[in-house]
Amino acid sequence: MNILIVGAGKVGAHLAALLGEQRHHITVIEMDEQVFNRVRPVLKDITVILGDGCNPQLLRDAGIGQMDAVVATTGDDEDNLVVAKLAKHEYRVGRVISRVNNPKNQWLFTKKMGVDIAISHASMLARLIQEELTVGDLIPLLKLVGGKASLVELTVSAASRTIGNRIEELELPAECVLVAVLRNGAIVIPRGDTTLVADDHIIALIRTDQQPDLAKVFG
């Protein structure tokens, strides 16, 4: 893929290095000369351009018209929005991803503004901590539908009140389906009359905001 990264700070530079290792063709724009001079020797096989990524002419010179994706990773939310809007609406880039520095600005990072995916480090960290505090041993395995649904795993502990119960007796959250039960190295397809035992590993598909409710059922 041809990928343009605007912003070569810690996030942008690290992302560029990772994507470069995966044989993507990476171009980086950085407007701070000190940062530019620091990362240029490190990103050896990557094109690094000194200039303002909000400048349409510079974006054209960087080849934005041939990019499969643009990632805005600057430390300024306004700049990231300008880059996203230009990339999507002016140059019709297929995939536009933007960093959100201030969680209070996240509502601005919409498809209307040219952002396909908005990533807020603060929100992600807060959500991870919240999950650890509220769902205990429930482990998210996969996010689906933009994070609205999750595939999760949890273990039936020896103290769980669900031991000896049939699945049809459980008061599962409304938007939850038990997909599989892993028991002694075997896969059990859960049915209504399947009885749970200690150390069963439950794989469930659930609406993400109902994870705490599922953890309470098996608590």
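Now for a description of the structure that goes with this document. (Residues numbered from 1 in each chain as written. Predicted model: local features only at pLDDT ≥ 70, side-chain atom pairs only at ≥ 80, totals over all residues. Heavy atoms only, no water.)

## Some remarks on the overall build of the protein
Along the backbone of the protein there are 6 helices and 11 strands. Relative to the globule expectation of 17 Å for 219 residues, the C-alpha radius of gyration of the protein, 23 Å, shows a markedly less compact shape. The dimensions of the protein, computed from C-alpha atoms along their principal axes, are 65 × 35 × 30 Å. The 219 residues of the protein split such that 40% are buried. (Helix = DSSP H or I, 4+ residues; strand = E, 2+ residues; numbered from the N terminus. Rg over C-alpha atoms; globule rule 2.2 N^0.38 Å. Buried < 20%, exposed > 50% of the residue type's maximum accessible area, 1.4 Å probe, protein only.)

## Brief notes about the sheet that holds strand 10 (residues 186-188)
Read from one edge to the other, the open sheet built from 5 strands follows the order 7-8-11-9-10, with strand pairing classed as antiparallel. With partners counted over all chains shown, the strands left at the sheet margins are strand 7 (139-144) and strand 10, one partner each. The average undirected angle you get between the axes of adjacent strands in this sheet is 20°. In this structure, strand 9 (residues 176-183) lies alongside strand 11 (residues 201-207), joined through 6 bridges in antiparallel fashion. From the neighbouring strand, L178 faces strand 11, where its bridge partner is A204. (Pairing = 2+ DSSP bridges. Axes fitted to C-alpha atoms, helices over the stretch in contact; angles between N-to-C directions.)

## Regarding the side chain of T73
Here T73 shows up in the loop between strand 4 (69-72) and helix 4 (77-90). Sequence-distant contacts of T73, defined by excluding residues within four places in its chain, comprise I5, V6, G7, V11, G12, L15, N80 and R99. (Contact = heavy atoms within 4.5 Å.)

## Let's talk about the nonpolar core
The biggest cluster of nonpolar side chains holds 23 residues, and the ones touching the most others in it are L4, I29, L59, I64, V70 and V93. Looking at this core, the elements that each hand over two or more residues are strand 1 (2-6), helix 3 (56-61), strand 4, helix 4 and strand 5 (95-100). In terms of residue count, the dominant contributor to this core is helix 4 (5 residues). (Core = buried A, V, L, I, M, F, W, Y, C linked by side-chain atoms within 4.5 Å.)

## Focus on the side chain of T27
Residue placement: T27 occurs in strand 2 (residues 25-30). Using a relative accessible area of 10% as the deciding quantity, one classes T27 as buried. Not counting chain neighbours up to four residues away, the residues in contact with T27 comprise I3, L4, I5, T47, I49, A62 and M67.

## Here we look at helix 4
Across its 14 residues, helix 4 extends 19 Å between first and last C-alpha, which sits within 8% of the 20 Å expected from 1.5 Å per residue. Residues of helix 4 that are buried: D77, N80, L81, V83, A84, L86, A87 and K88. Close packing links the buried residues of helix 4 with strand 1, helix 3, strand 4 and strand 5. In this structure D76 caps helix 4, since a side-chain oxygen of it lies 2.9 Å from the backbone nitrogen of E78. A positive backbone phi angle near 55° is found at R92, which sits one or two residues after helix 4. (Expected span 1.5 Å × (residues − 1). Polar contact = N/O pair within 3.5 Å; in protein donor to acceptor, adjacent residues only side chain to side chain.)

## A look at the pairing of strand 7
Here strand 7 pairs with strand 8 (residues 149-155) via 5 bridges, running antiparallel. Bridge pairing in strand 8 places K143 opposite S150.

## Thoughts on the sheet that holds strand 2
One open sheet accounts for 6 strands, arranged 3-2-1-4-5-6; its pairing is parallel. Bordering the open sheet on either side are strand 3 (47-50) and strand 6 (117-120), each of which pairs with just one other strand. With direction set aside, neighbouring strand axes in the sheet form an average angle of 15°. Sheet analysis places strand 1 next to strand 2, joined by 5 bridges and oriented parallel. Residue N2 lies in a different strand from strand 2, and its bridge partner there is H25. Each of strand 1, strand 2, strand 4 and strand 5 is contacted by helix 1 (residues 10-21), which is oriented at about 165° to strand 1, the strand it contacts most. Here helix 4 sits on the sheet in contact with strand 1, strand 4 and strand 5, set at roughly 175° to strand 5.

Remember that the coordinates give geometry; whether it matters functionally is a separate question.
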